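So you can see what is in the structure, the chains are spelled out below.
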Amino acid sequence: MDLLEKLDQLRARGLEKINAAADTQKLNDVRVELVGKKGALTEILHAMREVAPERRRQVGQLVNEVRDLFNEQLAQTRHDLAQALIAQKLEAEKIDVTLPGKRLSLGAKHPVYLILDDLEALFIGLGYQVVQGPEIETDHYCFEMMNLPKDHPARDMQETFYIDNENLLRSQTSGDQARVLEKHDFSQGPLKMVGPGKVYRRDDDDATHSHQFMQMEGLVVDRNVSMSDLKGTLEMIAKHLFGADRKTRLRPSYFPFTEPSVEMDVSCFNCDGKGCSICKETGWIEVLGAGMVHPNVLENAGIDASIYGGFAFGLGLDRFAILKYGVDDIRDFYTNDVRFLAQFRQEEK
Ligand code: FA5
């Protein structure tokens, strides 16, 4: 066959092959086949030796034209394939930013902590400092400094988990009082503190008793602190949490670290004071113990009790939570049933 004819055929076949290449790999194979060192065009060039000299120029020109055409078409197809690949990727990775986001399920604050945070904010607003004592407390701070020597009969009031002779799981947050009293510098102003935290007791669990619960200790020491300051503070707490209409009462009581001592009850949320199984038919639920700081507690911490005096309270955060949220069993706070806990989820702002 004449070389010119061969070239014509190669041009047609070559363009077809270039257009049919489905990806860059195949396109490269076609490139090698057509314009590579051992490709079809090179083969034709080798055959030029057999062409009559007067026609060489014409054939040579055509070879150049076909090579240029192939190279142009190869470049165009390479570009088209790259564009198609980008378009494909963009389509696959397309994100509709106008779609609503996925709502993540958030945890809820534990109801006892809702009360704790609320009271903590209340007391911070009144200028109290917040302290945190250790849950593994020493007999020294939990009892001895609090006017409860080792042989004091009132130690039986709180069934304590002892770790050894000196260390225990604290049965009350009152040890925080002793720790803060020891350090306070009265030349800087009065002492006002609250100390929230977990406490432990060998109590039998029932609707209002748990062997582990939360208390918040409170202590104010200054010159001229009176029982009416204590009463006003306790009433403020009750009103803050329950509103002005809920009934409260103070009863005389006994604690070795306060004199006189009181306990505060809040009317039962369930029977509104009529008596039911939750309040053990009394109509009231006890929420805190309190009183005027015993002079021995001040003296034990090196404070002159003839100059300074104060009041203290220890409130049961779980009991407040029971009353505030109408929970009929304290054990619900500790079994961690998410259906129970989810009820306290606060609306996202
Ligand atoms: C005390 O623990 C004293 N430290 C309180 C105190 C502090 C008095 C400072 C004077 C001055 P009491 O054992 O009564 O007191 O406990 C205080 C409160 O903790 C109770 O009124 C009650 O609300 C809560 N509480 C007591 N035992 C339990 C229990 N087992 N489960 C849940 N709450 C309890």
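Residues numbered from 1 in each chain as written. Predicted model: local features only at pLDDT ≥ 70, side-chain atom pairs only at ≥ 80, totals over all residues. Heavy atoms only, no water.

Chemist: How should the site of the ligand be read in this particular structure?
Modeler: Gln172, Arg201, Asp203, Glu286 and Val287 are the nearest of the 27 residues found near the ligand. Between the ligand and Arg201 there is a distance of 2.8 Å, counted from an oxygen atom to a side-chain nitrogen or oxygen. Taking Asp203, its side chain carries an N or O atom lying 2.7 Å from a nitrogen atom of the ligand. Judged by the fraction of its atoms near the pocket grid, the ligand is located in the largest pocket. Secondary-structure elements contributing two or more residues to the shell around the ligand are strand E6 (212–222), strand E8 (258–267), strand E9 (284–293) and strand E10 (309–316). Here the shell around the ligand is composed, by residue class, of nine nonpolar, 12 polar and six charged. (Near = heavy atom within 4 Å. Polar contact = N/O pair within 3.5 Å; in protein donor to acceptor, adjacent residues only side chain to side chain. 1 Å grid on protein atoms, 1.4 Å probe; cavity = no way out; pocket = protein on both sides within 12 Å on 5 of 7 lines; lining within 4 Å. Sits in = over half its atoms within 2 Å of the grid points. Helix = DSSP H or I, 4+ residues; strand = E, 2+ residues; numbered from the N terminus. Nonpolar A, V, L, I, M, F, W, Y, C, P; charged D, E, K, R; others polar.)

Chemist: Would you mind showing me how to read the pairing of strand E5 (residues 191–200) here?
Modeler: On any regular strand, side chains alternate: one points to one face of the sheet, the next to the other face. In terms of burial, E5 is largely enclosed, as eight of its 10 residues are buried. Sheet topology note: the strand E1 (residues 129–130)/E5 ladder contains two bridges and is parallel. Of the residues in E5, the one forming a bridge with Val130 is Val194. As defined by bridge partners, E5 adjoins E6 across 10 bridges and the pair is classed as antiparallel. Paired with Lys198 across the strands is Met214, a residue of E6. (Buried < 20%, exposed > 50% of the residue type's maximum accessible area, 1.4 Å probe, protein only. Pairing = 2+ DSSP bridges.)

Chemist: Would you mind showing me how to read helix H10 (residues 317–325) here?
Modeler: Residues lying three or four places apart along an α-helix face the same way, a consequence of the helix completing one turn every 3.6 residues. Counting buried positions over the nine residues of H10 gives seven, a clear majority of the element. Two residues or fewer past H10, Gly326 is found with a positive phi of approximately 65°.

Chemist: What's the story with the layout of surface pockets in this structure? I'm lost.
Modeler: In this approach, a probe sized like a water molecule rolls over the atoms, and the result shows the empty space that is left. Here the largest pocket defines a volume of roughly 600 Å³. Every element with two or more residues in the lining of the largest pocket is listed here: E6, strand E7 (248–255), E8, E9, E10 and H10. Of the residues forming the lining of the largest pocket, the biggest block, six residues, is contributed by E9. For the lining of the largest pocket, a count of residues per class yields 12 nonpolar, 14 polar and seven charged. Of the voids in this model, the second largest pocket is the one considered here, and its volume is about 210 Å³. Along its surface, the second largest pocket is lined by 13 residues, and Cys279, Thr282, Trp284, Ile285 and Glu286 are the ones closest to its centre. Elements represented by at least two residues in the lining of the second largest pocket include exactly E7 and E9. No other element matches E9, which puts three residues into the lining of the second largest pocket. Its residues placed into classes, the lining of the second largest pocket shows four nonpolar, three polar and six charged. (Points joined across faces, edges and corners; volume = space filled by probe spheres on them.)

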